[in-house]
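# Architecture at a glance
What follows is each chain in one-letter form.
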There are 4 protein chains.
Amino acid sequence: MVDLVRFGVSIQKQLLDKFDKYIRKQNYRNRSEAIRDLIRTSLVEEEWSQDQDIAGGIVYVYNHHQRQLVNKILQVQHDFHNLIISSQHVHLDHHNCLEIVSVKGRANHVGNLYHRLKSMKGIKHIDIVKSTTGKI
Amino acid sequence: MVDLVRFGVSIQKQLLDKFDKYIRKQNYRNRSEAIRDLIRTSLVEEEWSQDQDIAGGIVYVYNHHQRQLVNKILQVQHDFHNLIISSQHVHLDHHNCLEIVSVKGRANHVGNLYHRLKSMKGIKHIDIVKSTTGKI
Amino acid sequence: MVDLVRFGVSIQKQLLDKFDKYIRKQNYRNRSEAIRDLIRTSLVEEEWSQDQDIAGGIVYVYNHHQRQLVNKILQVQHDFHNLIISSQHVHLDHHNCLEIVSVKGRANHVGNLYHRLKSMKGIKHIDIVKSTTGKI
Amino acid sequence: MVDLVRFGVSIQKQLLDKFDKYIRKQNYRNRSEAIRDLIRTSLVEEEWSQDQDIAGGIVYVYNHHQRQLVNKILQVQHDFHNLIISSQHVHLDHHNCLEIVSVKGRANHVGNLYHRLKSMKGIKHIDIVKSTTGKI
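The following paragraphs examine the structure supplied in this document. (Residues numbered from 1 in each chain as written. Chains lettered and ligands numbered in written order. Predicted model: local features only at pLDDT ≥ 70, side-chain atom pairs only at ≥ 80, totals over all residues. Heavy atoms only, no water.)

### Thoughts on the sheet that holds strand β3 (residues 84–91) of chain C
All names here are of chain C. Taking strand neighbours across the sheet as the criterion, the four strands line up as β3-β4-β2-β5 in an open arrangement whose pairing is antiparallel. A strand with exactly one partner marks an edge of an open sheet, and here the two such strands are β3 and β5 (123–131). Strand after strand, the sheet turns through a mean of 15° between neighbouring axes, direction not considered. Examined bridge by bridge, strand β2 (residues 53–63) and strand β4 (residues 96–106) share 11 bridges and lie antiparallel to one another. Across the sheet, residue Y60 finds its bridge partner in β4, namely E99. (Pairing = 2+ DSSP bridges. Helix = DSSP H or I, 4+ residues; strand = E, 2+ residues; numbered from the N terminus. Axes fitted to C-alpha atoms, helices over the stretch in contact; angles between N-to-C directions.)

### Details of the packing of helix α1 (residues 13–25) of chain A against helix α2 (residues 31–49) of chain D
With their axes 10 Å apart at the nearest point, α1(A) and α2(D) run at an angle of 60° to one another. Here α2(D) runs oblique to α1(A), going by the angle between their axes. By crossing handedness, the relation of α1(A) to α2(D) is classed as left-handed. Contact residues: α1(A) offers A:L15, A:K18, A:F19, A:Y22 and A:K25, while α2(D) offers D:R36, D:I39, D:R40, D:S42, D:L43 and D:E46. Its residues assigned to classes, the contact of α1(A) with α2(D) comprises five nonpolar, one polar and five charged. (Parallel < 35°, antiparallel > 145°, perpendicular 65-115°, else oblique. Left-handed = near helix turned anticlockwise from the far one by under 90°. Contact = heavy atoms within 4.5 Å. Nonpolar A, V, L, I, M, F, W, Y, C, P; charged D, E, K, R; others polar.)

### Some details on the interface of chain A and chain D
At the junction of the two partners, chain A supplies 33 residues and chain D supplies 33 residues. Broken down residue by residue, the surface that chain A buries against chain D is led by A:F7, A:V9 and A:L15, which jointly contribute 17%. For the pair chain A and chain D, the interface holds two salt bridges. A salt bridge links D:K25 to A:E46; its shortest N-O distance comes to 3.1 Å. (Buried area = accessible area lost by both parts, 1.4 Å probe. Salt bridge = Lys/Arg side-chain N within 4 Å of Asp/Glu carboxyl O.)

### Things to note about the environment of C:D51
Residues and elements named next belong to chain C. Relative to the elements of secondary structure, D51 occurs in the loop between α2 (31–49) and β2. Separated by 13 residues in the primary sequence, D51 and L38 have C-alpha atoms spaced 21 Å apart. Side-chain polar atoms of D51 contact the backbone nitrogen of N108, separated by 2.8 Å. (Polar contact = N/O pair within 3.5 Å; in protein donor to acceptor, adjacent residues only side chain to side chain.)

### Notes on the relation of the copies chain B and chain A
There are two copies of the chain, and a rotation about an axis plus a shift along that axis relates them. Mapping chain B onto chain A leaves a residual RMSD of 0.0 Å; the transformation is a rotation of 180° accompanied by 0.0 Å of translation along its axis. In short, the pair behaves as if placed about a two-fold rotation axis. Here 98% of the contact residues of chain B are again contact residues in chain A; the copies associate through an equivalent surface. (Least-squares fit on C-alpha atoms with pLDDT ≥ 70 in both.)

### Some points on the pairing of strand β3 (residues 84–91) of chain A
All names here are of chain A. One ladder, built from seven bridges, connects β3 with strand β4 (residues 96–106); its direction is antiparallel. When the bridges of β4 are listed, I84 appears paired with V103. Here β3 hands over to β4 after four residues, the two strands then running antiparallel side by side.

### As for the relation of the copies chain A and chain D
It takes a turn of 180° to lay chain A on chain D, together with a shift of 0.0 Å along the axis; the resulting RMSD is 0.0 Å. Interface residue correspondence from chain A to chain D reaches 100%, placing this contact among same-surface, isologous pairings.

### Topic: the interface of chain B and chain A
Tallying the contact residues gives 44 residues for chain B and 44 residues for chain A. For the pair chain B and chain A, the summed buried area comes to about 3,600 Å², and 55% of that belongs to carbon and sulfur atoms. The largest contributions to the chain B side of the interface with chain A come from B:Q88, B:K124 and B:H125, which together make up 16% of the buried area. Counting across the chain B and chain A interface gives two salt bridges.

### Focus on the arrangement of the chains
The two units chain A and chain C remain apart, with a minimum C-alpha distance of 11 Å. The two units chain B and chain D are non-contacting; their minimal C-alpha-C-alpha distance is 11 Å.

### Points about the packing of aromatic side chains
Residue and element names in this part refer to chain C. A complete count under the given rule lists eight aromatic pairs over all chains for this structure. For the pair F19 and Y22, a centre-to-centre distance of 5.9 Å together with 20° between the ring planes defines the contact as stacked. Of this pair, F19 and Y22 both sit in helix α1 (residues 13–25), separated by three residues, roughly a single helical turn. Looking at Y22, the relative accessible area reads 13%, which means it is buried. (Phe/Tyr/Trp six-rings, centres within 6.5 Å; stacked < 30°, edge-to-face > 60°. Buried < 20%, exposed > 50% of the residue type's maximum accessible area, 1.4 Å probe, protein only.)

Nothing here speaks to function; it is geometry throughout.
Quick look at the structure:
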């Protein structure tokens, strides 16, 4: 179904030996699989730095007793409803919530959403996973 | 409700001026808020490096047509059911899925889950957000 | 000689307790010292992202037997002589050299130098330390 | 002189097309060169995480008027003289110095040196480049 092609790589024997050890350690089945992974990782970085269409997740932890915070977060999420696909909410304990928002859209827009959330009082920690729409 | 205390920081005037500019730009309301954020970020890094109890999210993209992949992912998730709280699934297109797993547990155990998933053939990209249980 | 000022930080007791533990572990003498370090680190990141005046080091490893590479590196260094302060050369073994170039100037210009070197055939590894002119 | 070998990589046509675009943009001459670079980068990360023999540079900025700091830095450098190859000193302005130390040795030992310097009062910023002895 997938259109596979093949190309050759010339490489120093010593470097290939070390790479083969690395491959076994990382549980790759063969060189092609490992090389494809390295290629994809570099392309995903490129997608984000070039403001292309990307997908990812924003993860944050907050205290839901913080005054008005839940409403403000919801407000921001609605402002960015075109980017946000869905969200997942975890009750960590009596006070703390972990929320994960899955996003898809232009890299810079997702960056804007991230910074809006990051600057909100009561969000204790926030970080982002920069992933891909899979078109690689 | 929260037990607030206060401490003093001595600092070069020039450094404080630059920090005040930074604070305004990042939309913090006051210095305490910005300082607490810096403190929390360094503590979260510490939690992960010291194998303490953490929370976070693992985000990966895969082609669900890849033979047996869906079953294998489910199998791994069940092997780590103590760590995994819930998962969120997004259909990116006809082939590609974005899945986000929220996790809570010991940092090293979550690292093991991450590496198990990372080495699976058909997972195009994977990354992790290292967050906190909020006990900071 | 240095103009010291003082400001107060209000913080949750629990968070401060954890920070105090962190401070001891990192061998800081007191809270002010640790806070100033956190502040400086965030300001240095800001300097680089805002294309301000910065200082730093570019470190690369290459095989000096690679045809013409030494001359090409020198050529690039001269093209950027306004940025480069000095360089340090280490003979790692019969083939390999480690070279460290100290730089000072606008962040984007230093980025250009880095990318010019990075794309040269024969440079095995290259990375950059993003530091500061100390005006913080 | 160098022992070149060749191996084949099978890859989706769509992924290879994107990689070829990336290669041109990064000024690589051919796929082999780009692949070797990706391989080397992953191996260098491995060398550091596995506490193997590595090389690199530690870059720090400090105020040389800070009492006793210069002597203390020298003392630490002598404690680690087996790791330190040479150092490079830049007078940034009347107060500030940028110093770059080139290092070679076991990754963990270099990490120890880095942390000793990092905890010294008066060092305004410090970071490390994790490079390689070139045996890749």
